[in-house]
Amino acid sequence: MYAFDFVKPTDLKSALAALEDPEALPLSGGQTLIPTLKQRLASPSCLVSLTAIPELQGVCQSAEGLSIGAATTHAELSRAAAAAYPALARLAGQIGDPAVRHRGTIGGSLANNDPSACYPSAALASGAVMVTPRREIAAEDYFQGMFTTALEEGEILTMLRFPIPTRAAYVKFAQPASRFALVGVFVADFEGDVRVAVTGAGAEGVFRWAEAEAALAEGFDPQALTPLAPPEQEMIADLHASADYRAHLVGVMTRRAVLAAITG
Amino acid sequence: MPEVTIHVNGQSHTAEIEARTLLSTFLREDLRLTGTHIGCDTSQCGACAVHVDGVLVKSCAVLAMDVDGAAVTTIEGIAAPDGTLSPVQQAFKDHHGLQCGFCTPGMIMAATALLAETAKPSEAQVRHYLEGNLCRCTGYHNIVKAILAASGQAV
Ligand SMILES: Cc1cc2nc3c(=O)[nH]c(=O)nc-3n(C[C@H](O)[C@H](O)[C@H](O)COP(=O)(O)OP(=O)(O)OC[C@H]3O[C@@H](n4cnc5c(N)ncnc54)[C@H](O)[C@@H]3O)c2cc1C
Ligand code: FES
Ligand code: FES
């Protein structure tokens, strides 16, 4: 790691002030950023820890759904959302392993937008809103391809607002070495308005699978999807899985997710 | 250089460190507590696992500065001061839960954290909890057995 300074502000205002330095980076759980620093793929002047700021912590439920502080850990979310949004809580409880879940945060994951990360599919399928000190960004506008988001220089996520569907489920086929999603599918049914978001598979990162959504709007049943798979040309191909295998897995995981959403 | 104070195994340590110092480096090199092992340094293996304020973390993926003021328990703090092994340690010994022993500190820390959360886990819960701890020797069978035994269940 290159040398850097470290600050851990206890209020949002001081954090934003520290992040005005264009060379500074926010540090949340560090489960992605610390390995990146070790590989010398980033050389920030200063790390601004976001984990001691009360405004960025915790989960609360309102008429609009769940409001989740950006620095809420996966472990905390899996507990706190278990009653209100069980599919999201289960997703959080399946990320990596317990040690990663105790440190890693939803804001860090959504800011990073790894093409194999789990939360982007939940955010897109739920129609979540990303809140920053400057504006609110709809999930549709937020994800802009692998490791790319609508966040500007110095702009941080402070809160995520998740509408709660009538029924939903996330099913992932874990890449056994990294435990990220080789393919993960989040299905959310908002009283007949069905949204299907796929992670791990798309060459452009997380995407909504429109064909499956249309089929499921006709009838929320795994059978409705039987011949469907997304176009192979749009899938990632790497040493872990070929494009046609990923396309096939998207179909299988979507059917499993629909079944899981029905059976609860 | 900035200063940190970390309470390790019940003792306070204050040191001036570079901000980039990992918790694992602080434990092993500043405090010479080398029971915390570095198997990969890439967050995969769990050999470096410790408890920070009672919670299991990988010390190679945490900055020492980020746990300023926290209470850290390492493998050196698990046995009683007179050397009596903890129930988890004793069960690993009784059930051959180790071969070379390299992964064992992390396994003990993970198992101890699991049993604090879930007093009588099922075999599936034990295996799920150990997802972040790799062992190249045992095939996990006796590790799982030792943890079930440590929780007072028949194995
Ligand atoms: C072994 C292992 C297994 C894993 N398995 C999975 C998995 O199965 N599924 C999955 O989805 N993920 C997985 N992860 C990734 C994990 O979820 C990370 O915690 C997460 O991707 C990053 O969150 P963080 O809080 O650790 O962010 P950090 O590492 O602190 O930050 C990541 C990036 O986001 C920026 N950032 C952080 N917070 C904010 C913010 N509030 N606003 C703007 N930018 C911010 C940082 O500057 C950095 O660039 C795994 C990681 C490991 C090490
Ligand atoms: S050394 Fe930390 S996880 Fe392997
Ligand atoms: S006993 Fe050798 S790595 Fe686990």
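Quick notes on the rules
Residues numbered from 1 in each chain as written. Chains lettered and ligands numbered in written order. Predicted model: local features only at pLDDT ≥ 70, side-chain atom pairs only at ≥ 80, totals over all residues. Heavy atoms only, no water. Salt bridge = Lys/Arg side-chain N within 4 Å of Asp/Glu carboxyl O. Helix = DSSP H or I, 4+ residues; strand = E, 2+ residues; numbered from the N terminus. Buried < 20%, exposed > 50% of the residue type's maximum accessible area, 1.4 Å probe, protein only. Pairing = 2+ DSSP bridges. Axes fitted to C-alpha atoms, helices over the stretch in contact; angles between N-to-C directions. Contact = heavy atoms within 4.5 Å. Domains from an automatic or database assignment. Buried area = accessible area lost by both parts, 1.4 Å probe. Polar contact = N/O pair within 3.5 Å; in protein donor to acceptor, adjacent residues only side chain to side chain. Nonpolar A, V, L, I, M, F, W, Y, C, P; charged D, E, K, R; others polar. Parallel < 35°, antiparallel > 145°, perpendicular 65-115°, else oblique. Left-handed = near helix turned anticlockwise from the far one by under 90°.

Moving on, we get to the pattern of salt bridges. Residues and elements named next belong to chain A. For the structure shown, the criterion picks out 18 salt bridges over all chains. A salt bridge links R161 to E136, with the shortest nitrogen-to-oxygen separation between them at 2.9 Å. Taken together, the residues R161 in strand β8 (residues 159-162) and E136 in strand β7 (residues 136-138) connect sequence positions 25 residues apart. Salt-bridge contacts for D238 lead to R246; the nearest nitrogen and oxygen are separated by 3.2 Å. R246 gets classed as buried once you look at its relative accessible area, which sits at 2%.

The subject of this paragraph is the sheet that holds strand β3 (residues 46-49) of chain A. Residues and elements named next belong to chain A. Taken in spatial order, the three strands make up an open sheet running β1-β3-β2, and their pairing is parallel. Lying at the two open borders of the sheet, with one neighbouring strand each, are β1 (5-7) and β2 (24-27). Neighbour-to-neighbour, the strand axes of the sheet open up by a mean angle of 25°, direction not taken into account. Sheet analysis places β1 next to β3, joined by three bridges and oriented parallel. When the sheet's bridge partners are listed, V7 is paired in β3 with V48.

Residue and element names in this part refer to chain B. I143, V144, A146, I147, L148 and A149 are the residues of helix α5 (residues 141-150) that are buried. Buried residues along α5 sit in contact with α2 (87-94), α3 (104-117) and α4 (123-129). Just past α5, the residue G152 takes up positive phi, approximately 85°.

What follows covers the domain arrangement of chain B. The parts lose accessible area when they come together, and the size of an interface is often stated as this lost area. All names here are of chain B. Looking at the assigned domains, one finds that chain B contains domain 1 (3-77) and domain 2 (87-150). A separation of 21 Å is found between the C-alpha centroids of domain 1 and domain 2. Summed over both sides, the interface between domain 1 and domain 2 buries roughly 1,100 Å², with carbon and sulfur atoms accounting for 69% of that surface. Together, H37, L56 and I75 form the three largest contributors to the area buried by domain 1 at its contact with domain 2, with a combined 42%. For the pair domain 1 and domain 2, the interface holds five residue pairs in polar contact (both at pLDDT 80 or more). Elements with a minimum of two residues in the side of domain 1 that touches domain 2: β3 (49-52) and β4 (55-58). With three residues, the top contributor of residues to the side of domain 1 that touches domain 2 is β3. Of the residues assigned to the side of domain 1 that touches domain 2, the class counts are seven nonpolar, eight polar and one charged.

This next bit is on the packing of α2(B) against α5(B). The description of two packed helices rests on the angle between their axes and on the distance between the axes. All names here are of chain B. Orientation of α2 relative to α5, taken along the N-to-C sense of each, is 135°, at an axis distance of 8 Å. By the angle between their directions, the pair α2 and α5 is classed as oblique. Handedness of the crossing formed by α2 with α5: right-handed. Where α2 abuts α5, its residues P87, V88, A91 and F92 lie against I143, A146, I147 and A150. Among the residues making up the contact of α2 with α5, the classes are represented as eight nonpolar, no polar and no charged.

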